[in-house]
Amino acid sequence: MKKALVLGAGGFIGGHLVNRLKNEDYWVRGVDIKTHEYVKSTANEFKKGDLRDPRFVKEILDQPFDEVYQLAADMGGAGFIFSGENDADIMHNSAMINLNVVEASVKAGVKKIFYSSSACMYPERNQMDPENPNCKEDSAYPAEPDSEYGWEKLFSERFYLAANRNYGIDIRIARFHNIFGPEGSWTDGREKAPAAFCRKVAEAPDGGEIKMWGDGEQTRSFLYIDECLEGVRRLMESDFMGPVNIGSDEMVSINELANLAMDIAGKSQSIKHIPGPLGVRGRNSDNVLIKEKLGWAPNWSLRQGMELTYKWIAEQVNKKQFMLND
Ligand code: NAD
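**Q** Just checking my understanding: could you explain the overall build of the protein for this structure?
**A** For the protein, the count of helices and strands is ten helices and 13 strands. Compactness check: the protein gives a C-alpha radius of gyration of 19 Å against a globular reference of 20 Å for 326 residues, within 12% of the reference. In terms of its C-alpha atoms, the protein occupies a principal-axis envelope of roughly 60 × 50 × 40 Å. Counting only contacts in the protein whose residues sit at least 6 apart along the sequence, the fraction spanning at least 24 positions is 78%. Of the roughly 14200 Å² of accessible surface on the protein, a fraction of 49% belongs to carbon and sulfur atoms. Separation of charge centres in the protein, based on 40 positive and 49 negative side chains, amounts to 4 Å.

As structure tokens, then:
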């Protein structure tokens, strides 16, 4: 039986990854600073602690795991990453985690580490035109991410690559593009656009109004969680180190995303555009490299994933309203 360590197991992607690995008959130790808000972890063991603390990281890396999945990061949507208020914490906390994890993994004789980077590390100058963003893997340099979150991801990518060259540890790196689905942040200020619009549409009545930061003409692509995990597992099984994009190439405007949520809900609402933190003007996953290296790329439609996500968020909204009225 293979043994895996999932760091960030109390979070959105980590929580789903634990389930996926369990379904593949792995023995799994999950680690996070908090337990999962929405589900009970299916990990064989769940250890709660702070990965910024090297002593704790040494404790949980007490054996040569077959696979370590490093998903822990100080993380959130545009409201968290682009406001500027959390920049130093984001850089400090996530870099500390990665520095500790590599050192302890090398000492423990870990066989392979997966590192979750982000499309936020791509240069801002290539993402000004909402119709034609360039997110090819080899467009990363000269570097010019538009957020400190992106800079930390770039630093840590380089650190994992250097650890591979100098310490001989096997690594895999993926650059995730907007992963979404049920059982993730939807109302705590760290939620991303798909969850935020599902919530806004579910909370507002038919004929009502929802608010949106910016003009809604900025573009993005969104990848459903199950497809993200399929990509992660295929990358781990391959002999390609990366970095490689794991994202959808179905690019939509944020207005289109909000309208899709309304369509799924069967509601017609108006959109009020207000000032707010935005990020780059356009972004889409370039899937040429993943197809070439893994012979696979995500192919679910955005609607398929949004239908499942809307259902879960509408249930959370109903539960909250029921509790408030009770
Ligand atoms: P998440 O915030 O739900 O999960 C991250 C987890 O890390 C959280 O549960 C958090 O408690 C944990 N964590 C943070 N600091 C910690 C610490 N000091 N010690 C222990 N645990 C700590 O985020 P997610 O969406 O599941 O993202 C997982 C990874 O994927 C992150 O590295 C993120 O940067 C990356 N990523 C995600 C997306 C996305 O769209 N969700 C896109 C690009 C990259």
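The structure having been displayed, the exposition proceeds.
**Q** In this structure, what is going on with the nonpolar core? I would like to understand it.
**A** One recurring pattern in soluble globular proteins: nonpolar side chains tend to sit buried together. Counting 58 residues, the largest nonpolar core has Val-6, Ile-13, Tyr-69, Phe-114 and Phe-176 as its most contacted members. When residues of this core are assigned to their parent elements, the largest contribution, seven residues, is made by helix α10 (residues 302-325). Residue contacts for Phe-176: discarding those within four places in its chain leaves Ile-13, Leu-71, Phe-114, Ser-116, Ser-117, Ser-118, Ala-119, Cys-228, Val-232 and Ile-246. Listed in part, the 26 residues of the second largest apolar core include Trp-27, Val-57, Val-110 and Ala-163.

**Q** Whenever I open this one, the pattern of salt bridges confuses me. Can you help?
**A** Should the charged atoms of two oppositely charged side chains come close, the side chains can pair. By the definition in use, this model includes 27 salt bridges. The partner of Arg-233 in a salt bridge is Glu-24, with the nearest N and O atoms 2.8 Å apart. Within this pair, whereas Arg-233 is found in helix α7 (residues 225-237), its partner Glu-24 is found in the loop between α1 (12-23) and β2 (27-32), the two being separated by 209 residues in sequence. Here Arg-233 falls in the buried class, since its relative accessible area comes to 5%. You can call Glu-24 partly exposed: its relative accessible area is 29%. Of the charged contacts, one joins Glu-307 and Arg-303 as a salt bridge, the two residues approaching to 3.2 Å between their closest N and O atoms. With Glu-307 and Arg-303 both in helix α10 and four residues apart, this pair spans about one turn of that helix. A residue is classified by how much of its surface remains accessible, and Glu-307, at 38% relative accessible area, is partly exposed.

**Q** Help me understand the environment of Pro-243 in this model?
**A** Considering the arrangement of structural elements, one finds Pro-243 in the loop between α7 and β11 (244-246). Owing to a relative accessible area of 16%, Pro-243 belongs among the buried residues under this scheme. Distance from Pro-243 to Leu-161, taken between C-alpha atoms, is 9.3 Å for residues 82 residues apart in sequence.

**Q** Hey, could you run me through helix α6 (residues 193-203) in this one?
**A** Residues separated by three or four positions in an α-helix point in the same direction, a consequence of the helix having 3.6 residues per turn. Where burial is concerned, most of α6 is hidden: eight out of the eleven residues are buried. Listing the buried residues of α6 in full gives Pro-194, Ala-195, Ala-196, Phe-197, Cys-198, Arg-199, Val-201 and Ala-202. Of the surrounding elements, those touching the buried residues of α6 are β7 (179-180), β8 (209-213), α8 (254-265) and α10.

**Q** What's the story with the packing of aromatic side chains in this structure? I'm lost.
**A** How two aromatic rings sit relative to each other is set out by the distance from centre to centre and by the angle between their planes. Applying the stated criterion across every chain, the model contains eight aromatic pairs. Aromatic pair Tyr-115 and Tyr-160: ring centres 4.6 Å apart, planes at 15 degrees, arrangement stacked. With Tyr-115 in strand β5 (residues 112-118) and Tyr-160 in helix α5 (residues 148-167), the pair connects residues that are 45 residues apart, well separated along the chain. Each member of the pair, Tyr-115 as well as Tyr-160, is classed as buried. Lying over the aromatic face of Trp-27, Lys-3 brings its terminal NZ or CZ to 4.6 Å of the ring centre.

**Q** Quick question: what am I supposed to make of the packing of α8 against α10 here?
**A** Helix-helix packing: each pair is described by the crossing angle between the helix axes and the interaxial distance. Packing of α8 against α10 brings their axes to within 10 Å, and their N-to-C directions diverge by 60 degrees. One element, α8, and the other, α10, form an angle in the oblique class. In this structure, α8 crosses over α10, and the sense of that crossing is right-handed. Of the residues in α10, those in contact with Leu-257, Leu-260, Ala-261, Asp-263, Ile-264 and Ala-265 of α8 are Leu-302, Arg-303, Met-306, Glu-307 and Tyr-310.

Cut-offs applied
- Residues numbered from 1 in each chain as written.
- Predicted model: local features only at pLDDT ≥ 70, side-chain atom pairs only at ≥ 80, totals over all residues.
- Heavy atoms only, no water.
- Helix = DSSP H or I, 4+ residues; strand = E, 2+ residues; numbered from the N terminus.
- Rg over C-alpha atoms; globule rule 2.2 N^0.38 Å.
- Contact = heavy atoms within 4.5 Å.
- Areas by Shrake-Rupley, 256 points an atom, 1.4 Å probe, with all protein chains shown as cover.
- Lys, Arg positive; Asp, Glu negative; His and termini not counted.
- Charge placed at Lys NZ, Arg CZ, Asp CG, Glu CD.
- Core = buried A, V, L, I, M, F, W, Y, C linked by side-chain atoms within 4.5 Å.
- Buried < 20%, exposed > 50% of the residue type's maximum accessible area, 1.4 Å probe, protein only.
- Salt bridge = Lys/Arg side-chain N within 4 Å of Asp/Glu carboxyl O.
- Phe/Tyr/Trp six-rings, centres within 6.5 Å; stacked < 30°, edge-to-face > 60°.
- Lys NZ or Arg CZ within 6 Å of the ring centre and 35° of its normal.
- Axes fitted to C-alpha atoms, helices over the stretch in contact; angles between N-to-C directions.
- Parallel < 35°, antiparallel > 145°, perpendicular 65-115°, else oblique.
- Left-handed = near helix turned anticlockwise from the far one by under 90°.

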